[in-house]
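Residue-level structure breakdown
So the chains spell out like this:
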Amino acid sequence: MKRTPEPELMQIPSQVRAYAEADFSRSDSMVVKSLEKYLKKIGRTLNKSDLIFDMACGPGNIAERIAKNWPFVNVVGIDGSKEMLNEAENKLSENFKKNLSYQLIDINSITTGEIYFPFKADIIVSNSALHHFHDPHSFWGALKKIGKTKCIHIHRDLIRPTSEEKAFEVKEKHLSDSPGILKKDFHASLKASFTVEEVSQQLVDAGLSQLEVFQLDELYFEIIGCI
Ligand SMILES: C[S@@+](CC[C@H](N)C(=O)[O-])C[C@H]1O[C@@H](n2cnc3c(N)ncnc32)[C@H](O)[C@@H]1O
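So, a few notes on the structure that sits alongside this text. (Residues numbered from 1 in each chain as written. Predicted model: local features only at pLDDT ≥ 70, side-chain atom pairs only at ≥ 80, totals over all residues. Heavy atoms only, no water.)

Remarks on the environment of F133
Along the chain, the position of F133 falls in the loop between strand 4 (121-127) and helix 7 (136-146). Residue classification places F133 among the buried positions, given a relative accessible area of 6%. Sequence spacing of F133 and R44 is 89 residues, and the spatial spacing of their C-alpha atoms is 31 Å. Sequence-distant contacts of F133, that is, excluding residues within four places in its chain, are made with R3, E8, I107, N108, F139 and F194. (Helix = DSSP H or I, 4+ residues; strand = E, 2+ residues; numbered from the N terminus. Buried < 20%, exposed > 50% of the residue type's maximum accessible area, 1.4 Å probe, protein only. Contact = heavy atoms within 4.5 Å.)

Below is the structure:
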């Protein structure tokens, strides 16, 4: 199936609400688990000077989990949608204020240099972010600019199904009980996603081939590594 990009930023109030209210806890927790597992594998422990970015953080569910798991580490969630960051900031409790903050930034503007982002991360994570970019190279370009040397990367995203029929089947299988707006968005996201082969080529093109990409299940791939 040919890729059909969807709008980059999620700004429509009903769409943002539906996304923020949905329960993605299983997949959100997987990002934290993957990071824990990778840190253990490379024998790296985090300390208070470490800085973690959650790119295209949306309502901040994953950034919050990371901030809770490593309360001494600073976590910054970045998103270009004010509406999404309002959701994130509204649930920012006193506990999280110590080590979690949000930045309203269009990630493309980091790549083009329109915005100079003065901070560099030790760890960069993202979930369901890459497929939003009309030009995926812009996403990888930004990551290269804002990661320190030896930056750890964990990125998860949807895999584009092979056909329209398969996309419909996958949507019904995984979101059968969800509100219509969420199902519609999920379907659009499946069509906007990349195949594992396409992502693998993107990493080569971006000079990031040290990062490993592999299929996790029917829905997701994961990219992991240190550059
Ligand atoms: C599907 S949501 C994922 C949110 C979050 N990562 C999660 O897993 O719950 C995609 C997010 O990417 C953001 N986004 C898309 N393009 C972006 C860009 N160019 N710059 C910053 N954020 C972007 C959208 O606004 C939206 O909040």
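Some thoughts on a positive patch on the surface
On the surface, a cluster of positive charge is contributed by R26, K33, R65 and K68. Within the element layout of this structure, R65 appears in helix 3 (residues 61-69). (Patch = residues over 30% accessible without salt bridge, like charges linked within 9 Å, V, L, I, M, F, W, Y side chains within 5 Å. Areas by Shrake-Rupley, 256 points an atom, 1.4 Å probe, with all protein chains shown as cover. Salt bridge = Lys/Arg side-chain N within 4 Å of Asp/Glu carboxyl O. Lys, Arg positive; Asp, Glu negative; His and termini not counted. Charge placed at Lys NZ, Arg CZ, Asp CG, Glu CD.)

Some points on the sheet that holds strand 3 (residues 100-104)
In space, the 7 strands of this open sheet follow the order 3-2-1-4-5-7-6, with mixed pairing throughout. Each having just a single partner strand, strand 3 and strand 6 (212-215) make up the two edges of the open sheet. Mean inter-strand twist for the sheet, computed between neighbouring axes without regard to direction, equals 20 degrees. With 5 bridges joining them, strand 2 (residues 74-79) and strand 3 adopt parallel strand pairing. (Pairing = 2+ DSSP bridges. Axes fitted to C-alpha atoms, helices over the stretch in contact; angles between N-to-C directions.)

Concerning the packing of aromatic side chains
Here the structure, examined in full by the defined rule, presents 5 aromatic pairs. Between F139 and W140 the ring centres are 5.1 Å apart and the planes differ by 70 degrees, which places this aromatic pair in the edge-to-face class. Classification of W140 by relative accessible area gives buried; the value is 1%. (Phe/Tyr/Trp six-rings, centres within 6.5 Å; stacked < 30°, edge-to-face > 60°.)

Describing the site of the ligand
Neighbouring residues of the ligand: 20 residues in total, closest E8, A56, D79, I107 and N127. Measuring from an oxygen atom of the ligand, one finds a side-chain N or O atom of Y19 at 3.1 Å. Separating an oxygen atom of the ligand from a side-chain N or O atom of D79 is a distance of 2.7 Å. Contact with the protein chains removes 99% of the 600 Å² of surface that the ligand exposes when unbound. Per-class residue counts for the shell around the ligand are 10 nonpolar, 7 polar and 3 charged. (Near = heavy atom within 4 Å. Polar contact = N/O pair within 3.5 Å; in protein donor to acceptor, adjacent residues only side chain to side chain. Nonpolar A, V, L, I, M, F, W, Y, C, P; charged D, E, K, R; others polar.)

Notes on helix 9 (residues 180-192)
In a regular helix each residue adds 1.5 Å, so 13 residues correspond to 18 Å; helix 9 covers 18 Å between its end C-alpha atoms and thus fits that length. Inspection of helix 9 places L182, K183, D185, F186, H187, S189, L190, K191 and A192 among the buried residues, and these make up the whole buried set. Structurally, helix 9 contributes buried residues whose contacts are with helix 1 (13-21), strand 5 (147-158) and helix 8 (164-175). (Expected span 1.5 Å × (residues − 1).)

Quick word on the packing of helix 2 (residues 25-42) against helix 3
Any two packed helices are characterised by how steeply their axes cross, that is the angle between the axes, and by the distance between the axes. Relative orientation of the contacting elements helix 2 and helix 3 amounts to 45 degrees, with a least axis distance of 9 Å. It follows that helix 2 is oblique to helix 3 by the angle criterion. The way helix 2 lies across helix 3 gives a crossing that is right-handed. On the side of helix 2, the interface is formed by S25, D28, S29, V31, V32 and E36, while helix 3 contributes N61, I62, R65, I66 and N69. (Parallel < 35°, antiparallel > 145°, perpendicular 65-115°, else oblique. Left-handed = near helix turned anticlockwise from the far one by under 90°.)

Some remarks on unusual backbone geometry
Positive phi, normally seen in glycine, also occurs at S128, with a value near 55 degrees. Locating S128 in the fold gives a position in the loop between strand 4 and helix 7. Even without glycine at this site, K150 takes up a positive phi of about 70 degrees. Take K150: it is sitting in strand 5.

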